[in-house]
Amino acid sequence: MTFKYEGSIKEPSPRKCDHHPVPEKDDAMDADPEVRQNPMDHGYAWVILAASMVATFIITGTFRAFGVLYVELIIMFHSNATMASLVQGIMIFTSSIGSVLVLVFGLRRFTPRFWVVLGGLFYFFGFLTSSYAVSIEYLFFSYSCLIGLGMALSFSSIVVTMGYYFDKKRGFAMGLLMASGSLGSLVFAPFLRMLLDEYSVRGSLLIMAAITAHIIACGALLRPPAFSSKTSEKCRTSVTQNAPREEKSSLIFNGDNVCETNKPLYSSDPSIFLRNGKLRLFQHGTRSSSTEMIHRSKDLDGQLTTPLGEYTIQNFCISVSALDLNSEIKDKEVKINAIKKEQFFNFKILKNPSFMRLLFAYTVGSIGTSLPQSYLPALAIEQEAETTNAALLITVSSFFDLLGRLLIGYISDKRLVKRSYLIAVSMALSGVLQCLSPFYKDYWSLLLFSVFYGFFSNFMSALYSATLLDILGLDDFRSALSVMYSGYGIVSGAASPFIGDLRDKTGTYVTCFYLFGATHIISSIVLFTECISCS
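Residues numbered from 1 in each chain as written. Predicted model: local features only at pLDDT ≥ 70, side-chain atom pairs only at ≥ 80, totals over all residues. Heavy atoms only, no water.

The subject of this paragraph is unusual backbone geometry. In this model, Ser200 sits at a positive phi of 65 degrees, which is unusual for a non-glycine residue. Its location among the elements puts Ser200 in helix α8 (residues 170-212). For Ser200, a relative accessible area of 40% corresponds to the partly exposed category. One non-glycine residue with positive phi stands out, namely Glu384, at about 70 degrees. You can see Glu384 is positioned in the loop between α15 (372-382) and α16 (387-413). Glu384 gets classed as exposed once you look at its relative accessible area, which sits at 75%. (Helix = DSSP H or I, 4+ residues; strand = E, 2+ residues; numbered from the N terminus. Buried < 20%, exposed > 50% of the residue type's maximum accessible area, 1.4 Å probe, protein only.)

Right, dumping it as structure tokens:
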């Protein structure tokens, strides 16, 4: 049978929509639907990256600047090193356990935007209430618990959001995100020192509360990826429902076996319509059954833009206008089945030896990665350095940390060496540098140590997420992060008061840096065991 197109079909006029206007040109209609619906690696993804970088700038900066505040807390509350270290230990533990709960349960109920905004509120109230502290024990709740929860809710949600919006440029985006954290450390340490000199501890904490409130604004910009699909679907449905009645048509057979236009095509499938005598497919993001039949038709060869009169396929008209689609019901059934199949946690990742090696290096090595900067100013003051110069060591370390992250991110993307080996080499060098702490007798030697320690110490922080994706893929990324964050919290949280007690018993922070270096050297050896297992 030969299709004939009878009657005049007016071209549907596009209806304006605030978010996704319907394209007027044919080539725009044929554009990739994934590009229109989900701004992966382009468009609003860069807004997400910018907001995430500002939030990470504040989160990491305030965390690493604790070393400046640590010295002042000991003086202000006449405390020992153990109690002051416990403030940071509880904060790390609370942050890590909170991150696990958000990753495993929280993000299944609410969007990352909700958790980042809530985390910003915890940050604000944590610094605000800490400014009224009357004892070091009071800070266990106000500073450790509230700020720790704020860090957990916000940072883990930001990392997950970056995975939603970036694919091909994920390494570049994550590198910029982590570099913003290093930049925050670079700025906040001298800034906090200046605030302490001008406004004392209480005034400084009040100003920090105002600064951390900006995390709320950053979180408000993190709209979920589904937003693009929903607004696109809403616009296209509006175009379909509001088109003039005489402009709608469908294909059926009359008595002479001629394909005519009597019923609206839109009643069958809103994705298919006639334009200039040609059948056009306008994708909605989900495919209905008639759309599937068009794609599966062997005789069409994908030539949807050829005039209808050239085809002799009878079942084509039937597939367009005679099917009862019920696409919404089918979509709901698919979502229900997906929820049933979704696991809260994949325990199989614990059987992956590469992941277990990385987990050990991340958790045990975190003692020598995240904690030394908190004690570096105290070590400098122990060597009779001025408080301002002592805070400057964190700035120098953070600057070279930033350079190291950018360089190692570029090298790792070249795929010349496995990322886990790069982490192992950096940990070995960092461990040796920390174990040589007895030789740092003056401020200039400590400054040189800050340069090399800052450059090599945080390769793990820059590469762990990309390494996880290399080992496990995106499906198990959330489960792996929850394990690593919980391990980090338990180990580093327990180590902080132990390090303070070690200083109280030995009378020097040099022994603490022995411990920091040992954890990095051991972690490096564990990562290098992969070479033995491969051989």
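Text resumes after the structure shown.
Here we come to the environment of Tyr421. Considering the arrangement of structural elements, one finds Tyr421 in helix α17 (residues 419-435). For the pair Tyr421 and Leu527, spaced 106 residues apart in the sequence, the C-alpha separation amounts to 7.1 Å. Discounting residues that sit within four places of it in the chain, Tyr421 has contacts with Leu527, Phe528, Glu530 and Cys531. (Contact = heavy atoms within 4.5 Å.)

For the structure shown, the criterion picks out nine cavities of 30 Å³ or more. Estimates place the volume of the largest cavity at around 560 Å³. Lining the largest cavity are 27 residues; nearest its centre among them are Phe63, Phe155, Tyr362, Ser461 and Tyr488. If you list the elements that add at least two residues to the lining of the largest cavity, you get α3 (44-64), α5 (81-109), α7 (138-165), α8, α14 (353-370), α19 (459-472) and α20 (477-506). Among the elements that make up the lining of the largest cavity, the one with the highest residue count is α3 (five residues). (1 Å grid on protein atoms, 1.4 Å probe; cavity = no way out; pocket = protein on both sides within 12 Å on 5 of 7 lines; lining within 4 Å. Points joined across faces, edges and corners; volume = space filled by probe spheres on them.)

The next point concerns the side chain of Asn352. The topology assignment puts Asn352 in the loop between α13 (327-341) and α14. At 3.0 Å, the side chain of Asn352 forms a polar contact with the backbone nitrogen of Ser354. For Asn352, the residues in contact, after removing those within four places along its chain, are Ile471 and Leu472. (Polar contact = N/O pair within 3.5 Å; in protein donor to acceptor, adjacent residues only side chain to side chain.)

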